[in-house]
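Commentary on secondary and tertiary structure
Below, each chain spelled out in residue letters.
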Amino acid sequence: MAAAHSTVALIEGEPEDADPWDLPELKDTAVPWSALDTRGKVLRVSLSVGKAILLLGFLYMFICSLDILSSAFQLVGGKAAGDIFQDNSVLSNPLAGLVIGVLVTLLVQSSSTSSSIVVSMVSSGLLTVQLAVPIIMGTNIGTSVTNTLVAMTQAGDRNTFRRAFAGATVHDFFNWLSVLVLLPLEVATGYLYTVTKLIIDSFNIQSGEAPDLLNVITDVLTESIIQLDESVISGIATGDPAARNKSLIKKWCQTFTNATLMNVTVPGPENCTSPSLCWVEGNHTITLKNVSETYYIQKCKHLFVNVTLPDLAVGLILLALSLLVLCSCLVLIVKLLNSMLKGQVAVVIKKILNTDFPFPFGWVTGYIAIVVGAGMTFIVQSSSVFTSAITPLVGIGVISIERAYPLSLGANIGTTTTAILAAMASPGDTLANALQIALVHFLFNISGIILWYPIPFTRIPIRLAKGLGNITASYRWFAAVYIVCCFFVFPLFVFSLSLAGWQVLVGVGVPLLVVLIVIVAINLLQRRRPGCLPSCLRSWDFLPLWAHSLAPWDGVVAVITAKCCCCCKCCQVATDAQEHTDKDSVGKKEREHVVEMYDNPAMNAEQEVENEKKIDLMILKSTQL
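Note that this is a predicted model, so its numbers are computed, not measured.

The subject of this paragraph is the overall build of the protein. Scanning the protein for helices and strands turns up 22 helices and 3 strands. Across the 625 residues that make up the protein, the buried fraction comes to 38%. For the protein, the share of sequence-separated contacts (at least 6 apart) that also reach a separation of at least 24 residues comes to 75%.

Structure follows, in structure tokens:
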């Protein structure tokens, strides 16, 4: 039997009533190593090494494209993010602070960037640590949209998409449920602020250096494409008027600032730096003042250093290119994994990743997965990169969603440890506040894990993700609806209510929340104890079909899609018909011209005279010879 070329070919036929969440059974259909001759063994080893090198190359490009994507989003929406953070009156509302954290992280596509803006505002005194806590929670939610978008690229196969989308959204549900519990607790008791304050006061923490791990490798490529001056966003957020007119694109990488004591003319004696350094000459008041002058020594070396395009145009160019590279690398990574993870290799890897320790130590496996997730995220310094990398593995059935869940929880912890080390590089006077904000992020994720992981019954994010995966497998368009509503429409709706004032927020939000709680409670009773409900509420059949089923909406989407495709086809047909008509008209004109030439007696006579002249000339030449 020939060797299989993909994992799909290794999947056994499943019975119709099989659980779609069971990992596909893999069969070793490859030619055994012992049955290969020397040439076959050399060829197999060479192919395996080549595929491994290609996989590492695509992973490198994938990580770099995520970095460029973050820079592109900062160019497109970075200054808007700074303006959002500048509105301190809105930030005083905890719910608005949470939503702003989500929106800003979506704009810059980096929780590290949005967290650093918060830290700079706290350090400058524009924002207190208490007000910054909800924003940090929001950044935790906003960073999980990347792997959800990555799962969309696997929509081709229904079962693969079911597993991939559930593996991505289990991270979303964990973050939302943690906020649902911990934000009211923080508002009522100040739990996160109090505990982190005690930690900061208890230890004599010294400044340190934030490590550069994977960035040492990726910066070689990313910094040759674009370099950003992130102090501009922080400057806008902290109210620096000069920062608003600056470009985010870094032009000079090496500068020197020199402070010189110079005579400066001031409006009056009250503007002097000191009475002893102030004198009057005629109608002018002069004082001695340190004047800083910046000398630009060396320009940066990246593609856009000499480009005169505005930040928005450069950002859109990088956004399109990085998304193209990101999707291409992801597709190629999945294909390579399908090709490499076959036969005995796939069986061994799948067994190692999904097997629990023997009784009574089976519970330890999940916590080891959390540690592995935290360590890997610490190495790559991005939770988005790590969770986006395991999403395709969940889709093709190598990692179960039960194992992907603790790995995602570990990724949440790993990204906070990087933030803690980065905060320790802060100056001594701002170290305490910066480190407290980073510890708030860390404690928030630890508290979420305590809530939603240790007891199997509390692992609600897995059940919710599987339910959403089943829906999106049946109605794939619902995945796009989920992303738009969960990460854009809902945060913008809450933010709009917050701008209107807390009275409007309470007046609109509380009734909606009560209705949502009632619907969830009725759904639970319908499944568990329908006898407790009145006969009319034991099902939702009394409502119109569109109000309790996605099937009618699926029909609407199908009709709209068909019309769009029909319009595109009609336009194409019309274009082709027009081209065909133009060609026919040109051909017809040529034919008419030929017919006219032969039918016109004058033209025929002229042609005959020309022919006679040519014949006479030929006879004359032959006679001369």
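Now that the structure has been shown, the text picks up again.
This paragraph deals with a nonpolar patch on the surface. On the surface, a cluster of nonpolar side chains totalling about 790 Å² of accessible area is made up of Phe-357, Phe-361, Trp-363, Tyr-367, Ile-368, Val-372, Met-376 and Ile-379. Along the chain, Met-376 turns up in helix H13 (residues 364–380).

Residues lying three or four places apart along an α-helix face the same way, a consequence of the helix completing one turn every 3.6 residues. If you check helix H16 (residues 431–452), its first and last C-alpha atoms are 32 Å apart, about what 22 residues at 1.5 Å a residue would give, namely 32 Å. The element H16 is extensively covered by neighbouring structure, given that 16 of its 22 residues are classed as buried.

Let us now look at the packing of helix H18 (residues 477–500) against helix H19 (residues 502–528). The contact between H18 and H19 brings their axes to 7 Å, and the two run at 140°. Across from Phe-493, Val-494, Leu-497, Ser-498 and Ala-500 in H18, the residues of H19 making contact are Val-504, Leu-505, Val-508 and Leu-512. Here the residues of the contact of H18 with H19 are counted per class, giving 8 nonpolar, 1 polar and no charged.

The first and last C-alpha atoms of H19 sit 37 Å apart over 27 residues, in line with the 39 Å expected at 1.5 Å per residue. What H19 keeps buried is the set Leu-505, Ile-522 and Gln-526.

It is worth spelling out the packing of aromatic side chains at this point. Aromatic rings considered in pairs are described by the distance between their centres and by the relative angle of their planes. Under the defined criterion, the tally for this structure stands at 12 aromatic pairs. Plain terms: the ring middles of Phe-165 and Tyr-482 are 5.9 Å apart, the flat faces sit at 75° to each other, and that makes the pair edge-to-face. Of this pair, Phe-165 sits in helix H7 (residues 158–189) while Tyr-482 sits in helix H18; the two residues are 317 residues apart in sequence, bridging distant segments of the chain. Accessibility expressed as a relative area gives 11% for Tyr-482, which makes it buried. Measuring from centroid to centroid gives 6.4 Å for Trp-546 and Trp-553, while their planes differ by 90°, and the two rings are edge-to-face. By relative accessible area, which is 41% here, Trp-553 ends up partly exposed. Each member of the aromatic cluster is reached from another via a ring pair, and the members are Phe-161, Phe-165, Phe-173, Tyr-482 and Phe-487. One Lys or Arg, Arg-459, reaches over the ring of Tyr-453 and ends 4.1 Å from the middle of that ring. A cation sits over an aromatic face here: Arg-463 above Phe-457, 5.7 Å from the ring centre.

In this structure, Met-137, Tyr-405 and Phe-487 are the most contacted members of the largest nonpolar core, which totals 53 residues. If one sorts the elements of this core by residue count, H7 sits on top with 13 residues. Contacts of Met-137, omitting those with residues within four sequence positions, involve Leu-98, Val-179, Leu-182, Leu-183, Glu-186, Leu-192 and Phe-444. Counting 36 residues, the second-largest nonpolar core is a separate cluster that includes Leu-248, Leu-319, Cys-329 and Phe-386.

Take the environment of His-441 next. Counting through the fold element by element, His-441 comes out in helix H16. Each C-alpha atom of the pair His-441 and Ser-115 lies 9.3 Å from the other, and the pair is 326 residues apart in sequence. When residues no more than four places from it in sequence are discounted, the contact partners of His-441 are Ile-136, Thr-139, Asn-140 and Thr-416.

Before going further, it helps to spend a moment on the pattern of salt bridges. Per the stated rule, a full pass over the model turns up 1 salt bridge. Residue Glu-402 is joined to Lys-466 by a salt bridge in which the shortest nitrogen-to-oxygen separation is 2.7 Å. On the criterion of sequence distance, the pair formed by Glu-402 in helix H15 (residues 401–423) and Lys-466 in helix H17 (residues 460–474) is long-range, its members being 64 residues apart. Here Glu-402 falls in the partly exposed class, since its relative accessible area comes to 36%.

We now examine the confidence of the model for the protein. Averaged over the protein, the pLDDT score is 76; the fraction of residues at 70 or greater is 73%. The spread of mean pLDDT over the elements of the protein runs between helix H22 (residues 601–624), the lowest at 52, and H17, the highest at 91. Across residues 1–16, where pLDDT falls below 50, the model places 31 contacts with residues more than four positions away in sequence or in other chains. The low-confidence segment residues 593–605 (pLDDT under 50) makes 5 contacts with residues lying over four places distant or belonging to another chain.

Okay, the state of the cysteines next. Following the criterion strictly, the structure yields 0 disulfides and no others. A disulfide-free cysteine, Cys-329 has its sulfur positioned 9.1 Å from the sulfur of Cys-64, the nearest such atom. A relative accessible area of 5% places Cys-329 in the buried class. Cys-485 takes part in no disulfide bond, and the closest cysteine sulfur, belonging to Cys-486, lies 8.5 Å away.

With that settled, the discussion passes to the environment of Thr-139. For Thr-139, the location among the structural elements is in helix H5 (residues 129–142). Considering only alpha carbons, one finds Thr-139 and Ser-114, 25 residues apart in sequence, at a separation of 6.9 Å.

What follows covers the packing of H7 against H18. As a packed pair, H7 and H18 sit with axes 12 Å apart at the nearest point and diverge in direction by 20°. Taken as axis vectors, H7 and H18 run roughly parallel relative to one another. Crossing geometry of H7 relative to H18 is assigned as left-handed. Judged by residue contacts, Phe-161, Phe-165, Thr-169, Asp-172 and Trp-176 of H7 engage Ala-479, Tyr-482, Cys-486, Phe-487 and Phe-490 from H18.

Within the secondary structure layout, Asn-93 lies in the loop between helix H2 (88–91) and helix H3 (94–108). You can call Asn-93 buried: its relative accessible area is 18%. A distance of 3.1 Å separates a polar side-chain atom of Asn-93 from the backbone nitrogen of Leu-95. Not counting residues up to four positions away in its chain, the partners in contact with Asn-93 are Ser-498 and Leu-505.

This part takes up the environment of Val-504. Within the secondary structure, Val-504 is located in helix H19. Contact partners of Val-504, with chain neighbours within four places excluded, come to Leu-497 and Gly-509.

Quick notes on the rules
Residues numbered from 1 in each chain as written. Predicted model: local features only at pLDDT ≥ 70, side-chain atom pairs only at ≥ 80, totals over all residues. Heavy atoms only, no water. Helix = DSSP H or I, 4+ residues; strand = E, 2+ residues; numbered from the N terminus. Buried < 20%, exposed > 50% of the residue type's maximum accessible area, 1.4 Å probe, protein only. Contact = heavy atoms within 4.5 Å. Patch = residues over 30% accessible without salt bridge, like charges linked within 9 Å, V, L, I, M, F, W, Y side chains within 5 Å. Areas by Shrake-Rupley, 256 points an atom, 1.4 Å probe, with all protein chains shown as cover. Salt bridge = Lys/Arg side-chain N within 4 Å of Asp/Glu carboxyl O. Expected span 1.5 Å × (residues − 1). Axes fitted to C-alpha atoms, helices over the stretch in contact; angles between N-to-C directions. Nonpolar A, V, L, I, M, F, W, Y, C, P; charged D, E, K, R; others polar. Phe/Tyr/Trp six-rings, centres within 6.5 Å; stacked < 30°, edge-to-face > 60°. Lys NZ or Arg CZ within 6 Å of the ring centre and 35° of its normal. Core = buried A, V, L, I, M, F, W, Y, C linked by side-chain atoms within 4.5 Å. pLDDT = per-residue confidence, 0-100. Disulfide = S-S within 2.5 Å. Parallel < 35°, antiparallel > 145°, perpendicular 65-115°, else oblique. Left-handed = near helix turned anticlockwise from the far one by under 90°. Polar contact = N/O pair within 3.5 Å; in protein donor to acceptor, adjacent residues only side chain to side chain.

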